[in-house]
Amino acid sequence: MAYSFPEEVLEHVFSFIGSDRDRNAVSLVCKSWYEIERWCRRRVFVGNCYAVSPAAVVRRFPDVRSVELKGKPHFADFNLVPEGWGGYVSPWITTLARAYPWLEEIRLKRMVVTDESLELIARSFKNFKVLVLSSCEGFSTDGLAAVAANCRNLRELDLRESEVEDMSGHWLSHFPDSYTSLVSLNISCLGSEVSFSALERLVSRCPDLRSLRLNRTVPLDRLANLLRRAPQLAELGTGVYSAELRSDDFSNLVGALAGCRELRSLSGFWDVVPAYLPAVYPLCSGLTSLNLSYATIQSSELTKLISQCHSLQRLWVLDYIEDSGLEALAACCKDLRELRVFPSEPFNREGNVSLTEQGLVSVSEGCSKLQSVLYFCRQMSNAALLTIARNRPNMTRFRLCIIEPRCPDYITHEPLDTGFGAIVQHCKDLQRLSLSGLLTDRVFEYIGTYAKKLEMLSVAFAGDSDLGLHHVLSGCDSLRKLEIRDCPFGDKALLANAAKLETMRSLWMSSCSVSFGACKLLGQKMPRLNVEVIDERGHPDSRPESCPVEKLYIYRTVAGPRFDMPDFVWTMDEDSALRPS
Amino acid sequence: MEGSKSNGYGECDQANLKATELRLGLPGTEEEPPLKVESPSFNSRKRALADDAESVLQDGRKSTSGVPPPSKAPIVGWPPVRSYRKNIYSSPAEVAEGGAGAGYLKVSMDGAPYLRKVDLKTYKSYQELMESLENMFNITIGDCSDKGSDYAPTYEDKDGDWMLVGDVPWNMFTSTCKRLRIMRGGSRS
């Protein structure tokens, strides 16, 4: 018989446990712990908004202050998920508004958000503090105006990479004069001008403002004024970084930037005029994060800037940096943890810059703390990948995109199997991997054998047969998300590993060889999976069962099939009848 | 097995045999109905779209998967670049602040509070351009190499370098010039 502590004591102990996994483990110990835990859980993360119903969440956790939801699958970022697929936040907001009057934080990613939902948020939560809309869409600046006008305790408004219908820049003026609590504002994705005077007044009256990310329309000659009103800023995203500055304007800017002694992170830099970059030089030694991925300037200018950033931990940059710039990075930025190199001309088959695998090799040699890489390039070799793997066994995120699909090792013309094999073999804590180049089933054998901590795998134009998929599904013990496009993977591996799918968040397969029949079978056998067939050619029943489906999205769920699907999405149901919306 | 309710679905007869067969070869090629390809929203410069994968193979060697000859269809969602990143690749003339059309360039002059805009296409020579600038700013520039004048017309080229106007042939100048700045007297370096 258990003599347990009084509830209050347990609750107090649990209050130190923040991680979802630990909380979930606590709730499994016994019924009374489950009960105590559910009353004191304050933060809920739902990685797939269709995995559980909003009603079930509020039923189990009656007093939540922070909710994070994710909607569309990752490949939606690249237009692979058709418009209208789903991910609507509205039913969630309606339920949350009723259940959690004290809700403080809402974070959404890849969801469809309407102005009505934003208005409901603005009206329902008296102590609302944080709104993060990451890669969301469906709302306009009218919705933002409602939030600005009503959320008197708002600390954070972050619209990162969302698609916002810009009615006008006047929404910013809806923050009342009495509103002073802004800590973080990210409007970098907005297209139209915001009212500068409103922005300046807002910045002036918010002494706790630490992060300000402007949009492209904020001209450089207004930046100095803003900065003088917020010398405490830690993160700054400039607007357009070009102008015809007179020399006194320029020195004004230099002075204003230098006055921001806490500045650790810089971004923005649209349309950079190299002559104005020296304005940020005084800040370089303190910078830990630098996003130059919009800076269309040449390697020499980039190098001059980066070579001064000795504390840099994160760098996002265009491939204009070239191998030479990356060598300088490797030499100067010994604290680098994360590097992302984006393509300046992704649709140009010919390379336009001198950026090769060598740049990445240099960084892997020089930066001993490098753990996260996203690298677009046009050539790669197994030898380079092996070197990178040996240099950086501490790598946790490795995403390589060789721009031409099925591109072999440019030296040996072999597939890149052994190179990626080396990555998974040496980098034992690898959590995320994206493959590219010419790859056979072999690479998947390596992945299944060695990538035991791998949680997310992205595959495109790779493999020869079902064996490839089978290796991954049967071998990767920690796999949560698998996304595949244009690979010859079909029914066999999927059906043989059906049970595995319940241990994962989701599986996406598009332009593969999974037949409609197999999808139906899977839907029948696995009631706790939603097997969604996405096919814009019309009802799958009008084609033979062996016909491959265009796109397939499988995810585990306790909510059953959803009912908000458009007419090109079907959930394969238990009774094997099609279930249209 | 019939299946030809319409053209697109009839092709599944072949797919019947091939789709579940383990084979070397990729889906979406030859036998199967062509998947609908959305036209991606690339930037207005309309860069050459990526050809299909197979044509990448170096030295004409075949890949191990023996793929069929390349098609020219653009690949949706490849390379995996977010759409907002595609906007930065506009040429300088397309970055239109204030709605100016392509071709208009900004002209500044040291000491003058306002910028002006010119469309280089309306001029045929340096002389015409200089005359126009002189009128605009009410100054005398004279011959480009005239050391007697207080004003030196300069321009920023595609590489971001500031050059003296007049060194290169006119056509080369118009294709490489991003903006103009008339420098005064002692500000010349």
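What counts as what
Residues numbered from 1 in each chain as written. Chains lettered and ligands numbered in written order. Predicted model: local features only at pLDDT ≥ 70, side-chain atom pairs only at ≥ 80, totals over all residues. Heavy atoms only, no water. Axes fitted to C-alpha atoms, helices over the stretch in contact; angles between N-to-C directions. Helix = DSSP H or I, 4+ residues; strand = E, 2+ residues; numbered from the N terminus. Parallel < 35°, antiparallel > 145°, perpendicular 65-115°, else oblique. Left-handed = near helix turned anticlockwise from the far one by under 90°. Contact = heavy atoms within 4.5 Å. Nonpolar A, V, L, I, M, F, W, Y, C, P; charged D, E, K, R; others polar. Buried < 20%, exposed > 50% of the residue type's maximum accessible area, 1.4 Å probe, protein only. Pairing = 2+ DSSP bridges. Right-handed = clockwise from strand over helix to strand, strands pointing away. Phe/Tyr/Trp six-rings, centres within 6.5 Å; stacked < 30°, edge-to-face > 60°. Lys NZ or Arg CZ within 6 Å of the ring centre and 35° of its normal. UniProt positions renumbered as here; feature names shortened; annotations may be inferred. Lys, Arg positive; Asp, Glu negative; His and termini not counted. Salt bridge = Lys/Arg side-chain N within 4 Å of Asp/Glu carboxyl O.

A. Up close: the packing of helix H13 (residues 357-366) of chain A against helix H14 (residues 382-391) of chain A. Residue and element names in this part refer to chain A. Orientation of H13 relative to H14, taken along the N-to-C sense of each, is 15°, at an axis distance of 9 Å. One finds that H13 runs roughly parallel with respect to H14. As H13 packs across H14, the resulting crossing turns out to be left-handed. From H13, Glu357, Leu360, Val361, Ser364 and Glu365 reach across to H14, where they touch Ala384, Thr387, Ile388 and Asn391. Here the residues of the contact of H13 with H14 sort into 4 nonpolar, 3 polar and 2 charged.

B. Fine view of the pairing of strand E19 (residues 481-485) of chain A. Residues and elements named next belong to chain A. Most of E19 sits out of view: 5 of its 5 residues are buried. What you see with E19 is no split at all: Lys481, Glu483 and Arg485 on one side and Leu482 and Ile484 on the other are buried throughout. Taken together, the 5 bridges between strand E18 (residues 456-460) and E19 define a ladder with parallel strand orientation. Opposite Ala460, over in E19, you have Arg485 as the bridge partner. You can see the chain leave E18, run along helix H17 (residues 466-475) and come back into E19, and the turn it takes is right-handed.

C. The arrangement of the packing of aromatic side chains in detail. Within this structure, the stated rule accounts for 22 aromatic pairs over all chains. A ring pair is formed by B:Tyr126 and B:Trp170, whose centres lie 5.1 Å apart and whose planes are at 85°; its orientation type is edge-to-face. With B:Tyr126 in helix H3 (residues 126-137) and B:Trp170 in helix H4 (residues 170-176), this residue pair connects regions lying 44 residues apart in the sequence. Both residues of the pair, B:Tyr126 and B:Trp170, count as buried. Grouped by ring-pair contacts, the aromatic residues A:Tyr50, A:Trp85, A:Trp508, A:Tyr553 and A:Tyr555 constitute a single cluster. Directly above the ring of A:Tyr50 sits A:Arg562, whose terminal nitrogen or CZ lies 4.4 Å from the centroid.

D. Looking closely at the UniProt feature "domain: F-box" (unreviewed entry) in chain A. Following the UniProt record, the feature "domain: F-box" (unreviewed entry) maps to residues 5-46 of chain A here. Span residues 5-46 of chain A is 62% helix and 10% strand, its end C-alpha atoms 31 Å apart.

E. Highlighting the side chain of B:Asp157. All names here are of chain B. Examined against the element boundaries, Asp157 turns out to sit in strand E3 (residues 151-157). Although Asp157 is buried, it makes no salt bridge; Lys178 carries the closest opposite charge, 7.1 Å away. If we skip the residues at most four places from it in the chain, Asp157 touches Met163, Thr176 and Lys178.

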